[in-house]
Every structure is written in C-alpha cells, then in structure tokens.
Amino acid sequence: MATMVQAIRMALHVGEERLGVTDVFGQDLGPPLGGVFTQSQGIKCSWNSPLDERGIIGCAIGLALAGARPVCEIQFCDYAYNIIDLLKLGGGMYWSSNGQWNLPLVMMTPVGSGIHGSIYHSHSFDATATHIPGWKIVMPSNPRDAYGLMLSAIADPNPVMFLAPKALLRAKALPGEEIPGEPDERALSKMIDAPLGDRSKWTPSWPATPDLFIPIGKASTVRPGRDVTCVAYGRMVPLCKKAADELASDGIDVEVIDLRTLIPYDWEHLRESISRTGRVLFVNEDTEVTNFGEHLLRRTVEELFYQLLAPPRLLAGAFVPGVGLADALDTASVPQKTEISSVLRELARHQP
Amino acid sequence: MSTTPIQEHFYPDTKLSPDVLIRLHELMLRSRLLEERLIRMQKQGDGYFWIGGPGEEAFNVALGLLVDKGRGPAHDYLHLHYRSSATMVAMGIDPADAMRQMKNTATDPYSGGRNFVNHYSIPEWNVVPVSSPIEVQFSMAPGTALVQKRFGGRGITIVQGGDAGTAEGDFASCLIWATRPGMELPVLMIVTNNEFGISTPAAEQHGEKRIADRGKAFGMQTAVVDGNDPETAYLGIKQAMDYVRSERRPFLLEAKVSRLYGHSSSSGANFVTGESDCLAKFEKRLEERGILSRQKMDELRVQETQALLEMSKRVRTEPQPKGPTIYDHVFAPTEVGGEAKARQDAMCAVANPAAINNKEQS
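Everything numeric in this text was worked out from a predicted model, so none of it was measured.

**Notes on helix α5 (residues 143-155) of chain A**
Residues and elements named next belong to chain A.
Then comes step 1: Taking 1.5 Å per residue as the helical rise, α5 with its 13 residues ought to reach 18 Å, and the 18 Å between its terminal C-alpha atoms agrees with that figure.
Then comes step 2: The buried fraction of α5 amounts to 13 of the 13 residues, a majority that puts the element mostly inside the structure.
Then comes step 3: Here α5 starts with a cap whose side-chain oxygen sits 3.1 Å from the backbone nitrogen of R144, and that cap is N142.

**Focus on empty space enclosed by the protein**
Gaps left between atoms show up when a probe the size of a water molecule is rolled over them.
All names here are of chain A.
Then comes step 1: Under the definition given, this model contains 3 cavities of 30 Å³ or more.
Then comes step 2: Approximately 70 Å³ is the volume attributed to the largest cavity.
Then comes step 3: In terms of lining, the largest cavity is formed by V5, I8, F37, Q39, E73, M108, T109, P110, A164 and L169.
Then comes step 4: Broken down by secondary-structure element, the contributors of at least two residues to the lining of the largest cavity are α1 (4-18) and β4 (106-111).
Then comes step 5: Grouping the constituent residues of the lining of the largest cavity by class yields 7 nonpolar, 2 polar and 1 charged.
Then comes step 6: The space that makes up the second largest cavity amounts to roughly 50 Å³.

**Quick word on the confidence of the model for chain B**
Residue and element names in this part refer to chain B.
Then comes step 1: On average, residues of chain B carry a pLDDT of 90, and 88% of them reach 70 or more.
Then comes step 2: Every residue in residues 1-12 scores below 50 in pLDDT, and together they form 31 contacts with partners more than four places removed in sequence or on other chains.
Then comes step 3: Here the prediction assigns the complex a pTM of 0.94, and the interface score ipTM is 0.96.

**Some thoughts on the UniProt feature "domain: Transketolase-like pyrimidine-binding" (unreviewed entry) in chain A**
Then comes step 1: Mapped onto the present numbering, the UniProt feature "domain: Transketolase-like pyrimidine-binding" (unreviewed entry) falls on residues 2-171 of chain A.
Then comes step 2: In the segment residues 2-171 of chain A, helix accounts for 34% and strand for 15%; the C-alpha atoms at its two ends are 9 Å apart.

**Side note on the interface of chain A and chain B**
Then comes step 1: Chain A puts 53 residues into the contact, and the matching count from chain B is 47 residues.
Then comes step 2: Taken together, both faces of the contact between chain A and chain B bury some 4,300 Å²; the carbon and sulfur share is 63%.
Then comes step 3: A salt bridge links R150(B) to D23(A), with the shortest nitrogen-to-oxygen separation between them at 2.3 Å.
Then comes step 4: Counting across the chain A and chain B interface gives 15 residue pairs in polar contact (both at pLDDT 80 or more).
Then comes step 5: For the side of chain A that touches chain B, the secondary structure elements donating two or more residues are β1 (23-26), β2 (46-48), α2 (53-65), α3 (84-96), α5 and β7 (220-223) of chain A.
Then comes step 6: No other element matches α2(A), which puts 9 residues into the side of chain A that touches chain B.
Then comes step 7: The class makeup of the residues in the side of chain A that touches chain B is 26 nonpolar, 17 polar and 10 charged.

**Quick look at the sheet that holds strand β8 (residues 228-232) of chain A**
Residue and element names in this part refer to chain A.
Then comes step 1: Ordered by their spatial adjacency, 5 strands build an open sheet running β7-β9-β8-β11-β12, and the pairing between neighbours is mixed. Each edge of the sheet is formed by a strand with only one pairing partner; in this case those strands are β7 and β12 (313-317). Strand-to-strand, the axes of this sheet are offset by a mean angle of 25°, without reference to chain direction.
Then comes step 2: Alignment of β7 against strand β9 (residues 254-258), held across 3 bridges, turns out to be antiparallel. Directly across from T221, in β9, lies its bridge partner I257.

**Some remarks on the UniProt feature "domain: Dehydrogenase E1 component" (unreviewed entry) in chain B**
Then comes step 1: Summarizing the sequence annotation, UniProt attributes the feature "domain: Dehydrogenase E1 component" (unreviewed entry) to residues 27-321 of chain B in the numbering used throughout.
Then comes step 2: Between the first and last C-alpha atoms of residues 27-321 of chain B the distance is 31 Å; the span itself is 42% helix and 11% strand.

**Quick notes on the environment of V127(B)**
Then comes step 1: Among the secondary structure elements, V127(B) is positioned in the loop between α4 (95-102) and α5 (137-151).
Then comes step 2: A residue is classified by how much of its surface remains accessible, and V127(B), at 1% relative accessible area, is buried.
Then comes step 3: Apart from residues lying up to four places away in sequence, V127(B) is in contact with W101(A), L78(B), M88(B), M91(B), Y120(B), S121(B) and I122(B).

**Re the pattern of salt bridges**
Residues and elements named next belong to chain A.
Then comes step 1: For the structure shown, the criterion picks out 48 salt bridges over all chains.
Then comes step 2: In this structure, D193 and R9 form a salt bridge, with 2.7 Å as the shortest nitrogen-oxygen distance. Here the residue D193 occupies a position in the loop between α6 (185-192) and β7, and R9 occupies one in helix α1, the gap between them amounting to 184 residues.
Then comes step 3: The salt bridge partner of E272 is R276, with a shortest N-O separation of 2.8 Å. Taken together, the residues span about one helical turn, with E272 and R276 both in helix α8 (residues 267-277) at a distance of 4 residues.
Then comes step 4: Judged by its relative accessible area of 41%, R276 falls in the partly exposed class.
Then comes step 5: The network of salt bridges with common partners includes R223, R226, D227, K241, D245 and D253.

Parameters and conventions
Residues numbered from 1 in each chain as written. Chains lettered and ligands numbered in written order. Predicted model: local features only at pLDDT ≥ 70, side-chain atom pairs only at ≥ 80, totals over all residues. Heavy atoms only, no water. Helix = DSSP H or I, 4+ residues; strand = E, 2+ residues; numbered from the N terminus. Expected span 1.5 Å × (residues − 1). Buried < 20%, exposed > 50% of the residue type's maximum accessible area, 1.4 Å probe, protein only. Polar contact = N/O pair within 3.5 Å; in protein donor to acceptor, adjacent residues only side chain to side chain. 1 Å grid on protein atoms, 1.4 Å probe; cavity = no way out; pocket = protein on both sides within 12 Å on 5 of 7 lines; lining within 4 Å. Points joined across faces, edges and corners; volume = space filled by probe spheres on them. Nonpolar A, V, L, I, M, F, W, Y, C, P; charged D, E, K, R; others polar. pLDDT = per-residue confidence, 0-100. Contact = heavy atoms within 4.5 Å. UniProt positions renumbered as here; feature names shortened; annotations may be inferred. Buried area = accessible area lost by both parts, 1.4 Å probe. Salt bridge = Lys/Arg side-chain N within 4 Å of Asp/Glu carboxyl O. Pairing = 2+ DSSP bridges. Axes fitted to C-alpha atoms, helices over the stretch in contact; angles between N-to-C directions.

Structure (structure tokens):
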C-alpha cells in the first residue's frame, strides 16, 4: 500500500522515464534530502534550486518555453504568494500569445492544514489558484489518484498545479486506493524509500509502474448515496467519507464526490448528483470568503435552483489570517468531521 | 573552465565597415520612424496605448543584427521588454505587424489583438512573449539558458530590462541562478539604463554608480557601454555575446541610453528635449565621414515615412477580433486523444471506485 508521497514519487519516476520529464526541481528536491516530504527521493533528474520561489517558477517557465518538461515545487503553498504574478504570466502565456506558446509544466505544492504547521505551513491555495486562469488544478485525496493525476499533469501540454494535501501525504492507501500491481507496504518501502544516513550509494528499485492516467477534469464518486451530495477535495474527502459512513447508521445516505480537478471542474458530474439528491454541501479548508466552493454554490443556485430541496451549504476554513498552532486553534480553523456530519444531517432533514 | 579577460570599455577606436554602418543607419531610421508612426496612431485613436523604445535604436538595432535568429536551443532565446522594438526591426519583422498590434487587430501576429503594442511573441525566432510587468523576464531567462547549457552549441539566452526594474527581485534571481558554481548559464543580461523609472529619476531609485557592478559580486564579467553610439554598442554586444557563446557563462552588460518620448502614452509620448538623440548624432557622423550624404538620408527618411504611412492605412482596414474569441486558447489541446484517450478512459474506470461499485451492483 503506497502512501501518497510514495505514489507521487513513483509518478515522477514514470515522468522522467516515459513521459519526457527533464527536471524535477525546487528547494531540497535533489539529493540528499529528496524533498522535505521525500517526494523526489531517487528521481534521477531532481535537483536543488536556490531558495527562491520566483526563480523556481520563472525557471520552470523558461524551461518549458525552450521545450523541456519540468516539474517544479514550491515547498509549501504558503510561499507561493510571492509568485502570483509569475503564475498569472504562466497561466496567460498560451492565451496572450494567441495560442503560440504553451507551457507543459507542473508546479506541485503541499497545501492545507493537519500537520500542526502553524501560520506559514498550513495555508490552503485552492481559492487563489482557481483565480488564475490558464492553469489546470488538481488535488488528489488518495495515493492512486495522486499517481494518476500526476501522470496526467505531466502529460498535459498546459501548466498544471498539483496541490498535495500535506496531511494525507503519509497516509496509507485504503482498500481500493492502490496503484495496480504495487508491492506490499514493506516491500515497497524497501524498494523506494531512501535509507537514513549516507544515501550517496543508494539507488531505488522501482516496482512496476502502470500507465494509470486519471483524467484531468473528471470527478469521482467515492461513496454513492441518495439523500445529500457532499462535494470535497483533498484532505476533506476522507473526512467527508467518514462522516457519511457514520450517518448511514442513522439512515442518512450521503453521496460523496471527490472533485479531484478544480480547474477544469467536472460540473456534469456535480449537476447529475445534486439534481438527484436535491441537497448539497461543499467542503474545503480554504478560507470561506471568496472561496472556490462559493463559486460551485453560486452555480448550483443559478442552474439547479428549482431542483433543490434545501439551501445549498458551504463549509470552509475560518476567514482569519492563519491556522493556529495549538490543537484547539488548528481544529477551529478548518472544517472537522463533527461539523461536516452536523451540516449533512441538517441538510438531510431539511424540508422545503 | 577558462575565462577571457574583458576590457570594461569596448573598442572605442574600432571602426565598423561602411556597409555595416549603412545597415545600422537604415534600421535605426526605420525603427525610429516606426515608433513615431505608432505614437501617431495612438494619438489618432488607432490604438489605446503606446509604449516603446525610441532613443534606444543604436543599441537595440546592433543587438538585433547580432542575434542568432532561429527556433530551438541551437539559436538565441530572447526575453525582451517593450522597449526592444528596434531589435525586432533589425531582426526583420514586418513593421505592419507592430501596427497591427497597436491597432489590436485580429491580424496581429503576436497576440491577436490581446496585448499592447511592442509586446512581441515569435516562436520561430525564439522571441518569447514580452510582458508588461517589468523584470519578470529575468526570472525566466535561466530556464531557457539551462536548456541551452545542456544542448551545447553556441546558442545563448538574451534577457533585457530597464534600470528601474533592477530593483525587482527577479533581477537578483537571474544573477544568482546564472552564476551557481559549476552550473553557470549562457545568459547575456542586458540593462538598458535610461535613468528613469516612469517618472522617478535613477538618482532617487538606486545608489550604485554602475548597475553592471552588481554582477561583480557574482563573479560575472560585466561592462558598461554607450548605448547611444551604434558602433560602440555593436562591438560591445559582440564581445559580450562572443564570451557567453564560447565560455557558456553569463555576462552583465549595461547600456546607457536615452528615452526620447517619455515613458509611454501615459506620460504624453511627446519628444523630450535635452536627451541625446542617437540617430541624429549618428547621421551627423556618417555625413562627416562621407559615408552617407544628408540628401541621401533625407530621401531615405521620406521613403520610409511614406511606406509606413501606407502600411498604417492598410492596417486600419483590417478586422478586429470578435468578442467570443476570448475563449480561444485558454488551454492548449491535450495531446491525449484517440487510442491514448480510450486507454485513459479505461484506466479511469478502473480507478474510479464508483465504477467498481456500479459494476458490482449490476
């Protein structure tokens, strides 16, 4: 059972071996560390950049302009705020040149709370990212999706942001979330996790790595249900799934949808589900004001108003400057399972 | 790797051949007249905004003549700014295309009417899209240079910005990324110093005497040239380029230039007296040396002016882009199609627990 970070690592390996990835770079991505979350251990084309986010994304754009296929990383999305204009420039390159220059690059960055990262290691980036046209934005919630979305991101001729929910990076795959053919947990670790200490002579032994492309723009129903639609992505997906499973004992049947791709998002998938249940909750952990879920909510109201049986709801992070370090502050900052359950229950019981 | 010692001031007494001087003059004149035509177009309502580089022709034409023009890493990559029009003229653009961008027509080959004038984009010549935010090109230049470093050959990356923009972190990024020990990059960093940042004089902006000196802290070869003298500029650029091409290491070149029509149409785009006019000075020198007569230069001016006027009349009749085309080119078409798409869909079905559930239920 691969963890998400192992899945990303295997996908980067596929990228450099079969999909033309030329560079995997960023702060600490090269040897000896292989990424602060170990995501690039054993990747041959990985290298350490200067500690310079603008330089990282700028260099990635330059590489892509010259025909390379880079995957770069901003070590934490909290540090991507000083590259917004370069993200805008990269996202606009194809459009502003009237289709002359496309940028086949991937920018990966860990996002969200859940590891007690305090003020500058817990931000979410989805609302900001979705406000920058020209980027495709993916955010997996399990190892298999992480693997498949990364392959698709690499293969895509456009700039793709790969938002990695950091709280899930080391979570093990649940049954049904494996990469086909992957070795068991111990064997896989022995093959691709770099040893502690001297790594200078270590090389990974990669397992079979299938061409598992999870298409960009396709949502996934992770739990079918008839009463309420719950739309989430990233770290919120397993929380919503747990809440839904628990509510089932009360006879409330929640359908949980993992959006997987934020841009371009799978509206048809959402429309079908919301039309069927008449009730919807959007969940994410970015701050609630001008939140991406608000956009989905607005579209729901505009297009599905007469099919709704209850006011659509959004659960999101508190609109405060950061995520606090103390446990109570951390949990108060972003949606928790009890809150999700509570709103789902309200929605299910709401009578028009 | 050996490094070639560089004189800080280039070939002050070296003379270029008359043929090169005549070519320089012709292109400088065309560039100037094009910019003046663009300004006129803007003032006549044939465009919303003008920004460009009249006053920089001596340096920029020389640069354009020295570029190794082509597509891909074997040739030079250009990360220019919106004052680089003379470089483009020297490289051989059709001046009508600059007018098309000014008039934001559908026929504008650089942006289809989406971007300001002098924001060039020519994949066939490695001219990457010019951006309005200043200095961001200095962040991108290491990327193209890295590809060229790996590729080998003599292709280099040329990145150009103004003096005020060197206050941006992107300039520091380029200095750092281009000079990492053992990973030096073939980048020619050019600062065209007109001593203004929109309305702010250089003296109020930065304290260093020579911007080029900032490269010294990084072990870079540096130089300052008189960018208003096409001969000095030509030879200076050539020497810097030769160094970057052969040594595969960066060079920081500062060119002192004039700004003859202010910052942009936002500051009026009127001729500024008191600035040194590189074209007027060059024409005087050519006349004194007996290379071109005043009459010949006047005739050329009339001829070029007329040609540009005719072009602008023609461009005026060309169509504007249609509103719904804003949705074109947001994303490049994905390469996944046909068999690969079918395979991808099949993979997705396998990867989708809902699909598995549905199968199990049926």
